[in-house]
Amino acid sequence: DPEAALRSHVEMACRDAEIVYGLPVEKIMDEAIGTVDDILAGLRMESARMGRDRLAAILDPYDRAQAVYSDRLRISGVIDRVALLDGDRCPVVVCASRPPEHGVYAADRLRLAACAMLAEEKYGGSVGRGVVEYVCGWRVREADVRKSDRMAVLSARNRIAQMGSAMPDAHRGAWCV
């Protein structure tokens, strides 16, 4: 029963949130259980769109939450999941935002590109695509990893390296007060 299994996972996540964040479970349980219908609707829609087996491959990963550091690339990050799609390892990035109407957000493309680069380093081989899972409104979007996204990741890395250990000057405005 998918609904019962999903409710069980949501309840477990709420209990974990109580431990991690110190929130009373009663306070978050009602809101979290209210998302079950949206998630189920999203699962049904994605299953119909991409097929049950492909969706299952994304949700039942080859590997989970991998913190990866690359000396060669001089970047690090956490790959939320790695799925086996058509025999290829594909990074899965989980985002808490609502999905765009089509495709993925630019910031998510960059995170996906960085995860693809780290996955190549960890597992070997080439990673040409990945998946972004949008939790709010529950949607799954596959995306190609573009060369321009890889270049943007390296450009960001270079800008950070140029800063050195110095922190940028803080701008104290009305919001800080």
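Residues numbered from 1 in each chain as written. Predicted model: local features only at pLDDT ≥ 70, side-chain atom pairs only at ≥ 80, totals over all residues. Heavy atoms only, no water.

### Brief notes about the packing of helix 1 (residues 2–21) against helix 3 (residues 36–50)
Helix-helix packing: each pair is described by the crossing angle between the helix axes and the interaxial distance.
Then, in step 1: With their axes 10 Å apart at the nearest point, helix 1 and helix 3 run at an angle of 130° to one another. Our classification of the angle between helix 1 and helix 3 gives oblique. The way helix 1 lies across helix 3 gives a crossing that is right-handed. For the pair helix 1 and helix 3, contact is made by Pro2, Glu3, Leu6, Arg7 and Val10 and by Val36, Asp37, Ile39 and Leu40, respectively. (Axes fitted to C-alpha atoms, helices over the stretch in contact; angles between N-to-C directions. Helix = DSSP H or I, 4+ residues; strand = E, 2+ residues; numbered from the N terminus. Parallel < 35°, antiparallel > 145°, perpendicular 65-115°, else oblique. Left-handed = near helix turned anticlockwise from the far one by under 90°. Contact = heavy atoms within 4.5 Å.)

### Examining the nonpolar core
Nonpolar side chains tend toward joint burial in soluble globular proteins.
Then, in step 1: Formed by 23 residues in total, the largest nonpolar core has its most connected members in Ile75, Ile79, Leu112, Val132 and Val153.
Then, in step 2: When contributions to this core are tallied by element, the ones reaching two or more residues are strand 2 (75–85), strand 3 (88–95), helix 5 (106–123) and strand 4 (129–134).
Then, in step 3: At nine residues, the largest contribution of residues to this core is made by helix 5.
Then, in step 4: Excluding its chain neighbours within four sequence positions, the residues that come into contact with Ile75 are Val68, Tyr69, Ser70, Ala114, Leu118, Val153 and Arg157.
Then, in step 5: Of all hydrophobic cores here, the second largest spans 21 residues; its members include Cys14, Ile28, Leu85 and Cys90. (Core = buried A, V, L, I, M, F, W, Y, C linked by side-chain atoms within 4.5 Å. Buried < 20%, exposed > 50% of the residue type's maximum accessible area, 1.4 Å probe, protein only.)

### Some points on the side chain of Arg81
Then, in step 1: With respect to the helices, strands and loops of the structure, Arg81 is situated in strand 2.
Then, in step 2: Look at Arg81 and you get buried, because its relative accessible area is 12%.
Then, in step 3: There is a polar contact of 2.3 Å between the side chain of Arg81 and the side chain of Glu133.
Then, in step 4: Sequence-distant contacts of Arg81, that is, excluding residues within four places in its chain, are made with Ile58, Leu59, Pro61, Asp63, Arg64, Ala65, Cys90, Pro91, Val92, Val94 and Glu133. (Polar contact = N/O pair within 3.5 Å; in protein donor to acceptor, adjacent residues only side chain to side chain.)

### Focus: the side chain of Glu46
Then, in step 1: Within the secondary structure layout, Glu46 lies in helix 3.
Then, in step 2: Residue Glu46 is classed as buried on the basis of its relative accessible area, which comes to 2%.
Then, in step 3: In terms of polar contacts, Glu46 uses its side chain to reach the side chain of Arg49, at 2.5 Å.
Then, in step 4: Those residues in contact with Glu46 that lie beyond four places of it in its chain are Gly51, Leu55, Trp138, Arg139 and Val140.

### Some details on the pairing of strand 3
Then, in step 1: Relative to strand 3, strand 2 is paired through five bridges, and the arrangement is antiparallel. Of the residues in strand 3, the one forming a bridge with Arg81 is Val92.
Then, in step 2: Of the strand pairs in this sheet, strand 3 and strand 4 are connected by four bridges, and their pairing is parallel. The residue bridging Val94 from the neighbouring strand is Glu133, located in strand 4. (Pairing = 2+ DSSP bridges.)

### Here's the deal with the layout of surface pockets
Over the atoms, a rolled probe matching the size of one water molecule traces out where space is still vacant.
Then, in step 1: Volume-wise, the largest pocket comes out at about 1300 Å³.
Then, in step 2: Looking at the lining of the largest pocket, the element that brings in the most residues is helix 1, giving eleven residues.
Then, in step 3: Partitioning the lining of the largest pocket into residue classes produces 20 nonpolar, four polar and ten charged.
Then, in step 4: Taken as a whole, the second largest pocket spans an internal volume of roughly 250 Å³.
Then, in step 5: Residue lining of the second largest pocket: Arg74, Ile75, Ser76, Leu110, Ala114, Leu118, Ala152, Val153, Ala156, Arg157, Ile160 and Ala161, and that is the complete set.
Then, in step 6: Contributing elements (two or more residues each) for the lining of the second largest pocket: strand 2, helix 5 and helix 6 (147–163).
Then, in step 7: For the lining of the second largest pocket, the element with the highest residue contribution is helix 6, accounting for six residues.
Then, in step 8: Among the residues making up the lining of the second largest pocket, the classes are represented as nine nonpolar, one polar and two charged. (1 Å grid on protein atoms, 1.4 Å probe; cavity = no way out; pocket = protein on both sides within 12 Å on 5 of 7 lines; lining within 4 Å. Points joined across faces, edges and corners; volume = space filled by probe spheres on them. Nonpolar A, V, L, I, M, F, W, Y, C, P; charged D, E, K, R; others polar.)

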